[in-house]
Amino acid sequence: MEFISRLQGKACVCLGLILIVLGAWSSEATSRSLQDASMYGRHEQWMAHYGRKYNDIREKEKRFNIFKENVAYIESSNDDANKLYKLGVNQFADLTNDEFKASRNRFKGHECSTKTTSFKYENVTASVPTTMDWRKKGAVTPIKDQGQCGCCWAFSAVAATEGITQLTTGKLISLSEQELVDCDTNGEDQGCEGGLMDDAFQFIQQNHGLSTEANYPYSGVDGTCNTKKEASIAAKITGYEDVPTNSEQALLKAVANQPVSVAIDASGSDFQFYSSGVFTGTCGTSLDHGVTAVGYGVGDDGTKFWLVKNSWGTEWGEEGYIRMQRDVDAAEGLCGIAMSASYPTA
Ligand SMILES: *[C@@H]1O[C@H](CO)[C@@H](O)[C@H](O)[C@H]1NC(C)=O
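The following refers to the structure shown. (Residues numbered from 1 in each chain as written. Predicted model: local features only at pLDDT ≥ 70, side-chain atom pairs only at ≥ 80, totals over all residues. Heavy atoms only, no water.)

Some remarks on the site of the ligand
Next, step 1: Near the ligand the following residues occur: F119, E122 and N123.
Next, step 2: Contact between the ligand and E122: a nitrogen atom at 3.1 Å from a side-chain N or O atom of the residue.
Next, step 3: One nitrogen or oxygen atom from the side chain of N123 is found 2.3 Å from an oxygen atom belonging to the ligand.
Next, step 4: For the ligand, the accessible surface in isolation is 360 Å², of which the surrounding protein chains cover 31%. (Near = heavy atom within 4 Å. Polar contact = N/O pair within 3.5 Å; in protein donor to acceptor, adjacent residues only side chain to side chain. Areas by Shrake-Rupley, 256 points an atom, 1.4 Å probe, with all protein chains shown as cover.)

So, in structure tokens, the structure goes:
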């Protein structure tokens, strides 16, 4: 509505032969409203692309203004030629950073579970190649999308479990996050309200395995545990181990041998809109998101990175993945990636 009246206003300005002074003033206003009109068109296109609908005009106006601010932020960040990564106008472009954080990032990092003490990859230095990509070894299922449910912890634990299952059985099977969301009340695990990967591994172990995605599909909301589906086991683990804390060297040994669950601080705007390249920050170490390290490598310019599988669909990042700078000055790693890593054993 507002948009139409603005366009009409512009037409009036164009038609009216008024004073030159007034004319100069109005042409400035016209170029401003033209900018708004083109941004409005961009928002419309974006809404169509992501199937986004708003309840009323006021909500749409509010979302448009957030979208406009985010686009300005993304474009100014991308203008910085020194940055090794680019941001993009993705599915989170109509959310403020606070809304984004609240809707997805529910790794309960502040409530640490009991740490395991053994680390079976302690002495594997000889078997650590310079690069690793578990996707190429067939140990990584396609990118999934957690939607608005804060169960990143389930997606992280499942991806690591899918990895070890493929490595031990030769079969890549997509496993069920929903089973963890519905059935796992172990420790800190509370479905869409958050959880911990270690508690999920413990649940999988105690439950004598996990069902397939096909048998127990993802609904993205908290549900009642379907014990019949839960009883249909497709993959087993014998336990889990924590990677020694604050050591990217230790994390390297683990990721060289299997996909590893890692917790990170994914709360920043740059993480929200990450699109491509080697991500170098800005982020803190308040762990709030669970993802999976599925490899590592070295970028064209020599920057080392971790290859990380996220659970926000393929429109985010590099087809759903992010390359995060590796071997940074801080012991915690970038965004705290070396602070709370763990993997299931088989
Ligand atoms: C690594 O090597 C040390 C020294 O030989 C040994 O004490 C330790 O048990 C080994 N760790 C593992 C996990 O095998």
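Description of unusual backbone geometry
Most peptide bonds adopt trans geometry, and most residues besides glycine take a negative phi value.
Next, step 1: The linkage connecting G281 with the following residue, T282, adopts the cis geometry, with an omega of -5°.
Next, step 2: Take T282: it is sitting in the loop between β5 (274-279) and β6 (289-298).
Next, step 3: The backbone of N246 shows a phi angle near 60°, a positive value even though the residue is not glycine.
Next, step 4: For N246, the position within the fold is in the loop between β3 (239-242) and α9 (248-255).
Next, step 5: Even without being a glycine, C335 presents a positive backbone phi close to 60°.
Next, step 6: Counting through the fold element by element, C335 comes out in the loop between β8 (321-325) and β9 (342-345).
Next, step 7: Residue classification places C335 among the buried residues on the basis of a relative accessible area of 2%. (Helix = DSSP H or I, 4+ residues; strand = E, 2+ residues; numbered from the N terminus. Buried < 20%, exposed > 50% of the residue type's maximum accessible area, 1.4 Å probe, protein only.)

Side note on the packing of helix α5 (residues 152-169) against helix α7 (residues 197-206)
Next, step 1: At a minimum axis distance of 9 Å, the contact between α5 and α7 shows a crossing angle of 55°. Between α5 and α7, the angle is such that the two are oblique. Helix-helix and strand crossings are classified by hand; for α5 and α7 the assignment is right-handed. Of the residues in α7, those touching α5 at W153, S156, A157, A160 and T161 are M197, A200, F201 and I204. (Axes fitted to C-alpha atoms, helices over the stretch in contact; angles between N-to-C directions. Parallel < 35°, antiparallel > 145°, perpendicular 65-115°, else oblique. Left-handed = near helix turned anticlockwise from the far one by under 90°. Contact = heavy atoms within 4.5 Å.)

Describing helix α3 (residues 57-78)
Next, step 1: Spanning 22 residues, α3 covers 31 Å between terminal C-alpha atoms, matching the ideal 32 Å at 1.5 Å per step.
Next, step 2: The distance from a side-chain oxygen at the start of α3 to the backbone nitrogen of R58 is 3.2 Å, and the residue carrying that oxygen is D56. (Expected span 1.5 Å × (residues − 1).)

A word on the pattern of salt bridges
Close approach of charged atoms allows side chains with opposite charge to pair.
Next, step 1: Under the defined criterion, the tally for this structure stands at 14 salt bridges.
Next, step 2: With a shortest N-O distance of 3.2 Å, D36 and K68 are connected by a salt bridge. Placement of D36 in helix α2 (residues 20-50) and of K68 in helix α3 is noted, with a sequence separation of 32 residues between them.
Next, step 3: What you see here is one network of salt bridges that share partners, running through K144, E162, E177 and E213. (Salt bridge = Lys/Arg side-chain N within 4 Å of Asp/Glu carboxyl O.)

Remarks on the state of the cysteines
Next, step 1: Counted under the stated rule, the structure contains three disulfides.
Next, step 2: Here C149 pairs with C192 through a disulfide, and the sulfurs are 2.1 Å apart. In this structure the cystine formed by C149 and C192 twists about its S-S bond by roughly -100°; its chirality is therefore left-handed. Linking C149 in the loop between β2 (132-133) and α5 with C192 in the loop between α6 (177-183) and α7, this pair joins segments that are 43 residues apart in sequence. (Disulfide = S-S within 2.5 Å.)

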